[in-house]
Amino acid sequence: MPNQELTGVFRALADPTRRAVLERLTRGPAAVSELAQPFKMALPSFVQHLGVLEDCGLVRSKKEGRVRTYALAPQPLKAAEHWLSAQRALWERRLDSLDNFLETLKEQKP
């Protein structure tokens, strides 16, 4: 996943409303009205959140008649998880090296 796309995923995940929508969509697709119901905001504002999620690929939508339904698209989450795992491994190695160095210093002290 290119860096710009990954940035979009993290930007989308930074907002608690969007994270709540993603959590809801783990139970299955839902119409906009159902997704918006728990939030105390105007529908146009809520739809902007859905747009951010769709733009970065975390959700996909389809319209049937007058109803637009959203579903989770997990591939970008997997890419973000992969990036986070790589960062975690890098920092664990660095911290292990620092720990080893500090232990060596500690042993050298009289």
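Small disclaimer: the values here were computed from a predicted structure and weren't measured. (Residues numbered from 1 in each chain as written. Predicted model: local features only at pLDDT ≥ 70, side-chain atom pairs only at ≥ 80, totals over all residues. Heavy atoms only, no water.)

## Section: the pairing of strand 2 (residues 59-64)
- When strand 2 meets strand 3 (residues 67-72), the two strands line up antiparallel, connected through six bridges. Counterpart to E64 in the pairing with strand 3 is V67.
- Turn length for the strand 2-strand 3 hairpin, with the two strands adjacent in sequence and antiparallel, is two residues, and the turn residue G65 shows positive phi of about 65 degrees. (Pairing = 2+ DSSP bridges. Helix = DSSP H or I, 4+ residues; strand = E, 2+ residues; numbered from the N terminus.)

## Some thoughts on the nonpolar core
- By size, the foremost hydrophobic cluster in this structure holds 20 residues, and its most contacted members are V21 and L35.
- Of all the secondary structure elements, the ones that give two or more residues to this core are helix 1 (3-13), helix 2 (16-25), helix 3 (32-36) and helix 4 (43-55).
- Among the elements that take part in this core, helix 4 stands out by supplying four residues, more than any other.
- Look past the residues within four positions of V21 in its chain and what remains in contact with it is L35, F39, F46, L50 and L53. (Core = buried A, V, L, I, M, F, W, Y, C linked by side-chain atoms within 4.5 Å. Buried < 20%, exposed > 50% of the residue type's maximum accessible area, 1.4 Å probe, protein only. Contact = heavy atoms within 4.5 Å.)

Keep in mind these values describe shape, not function.
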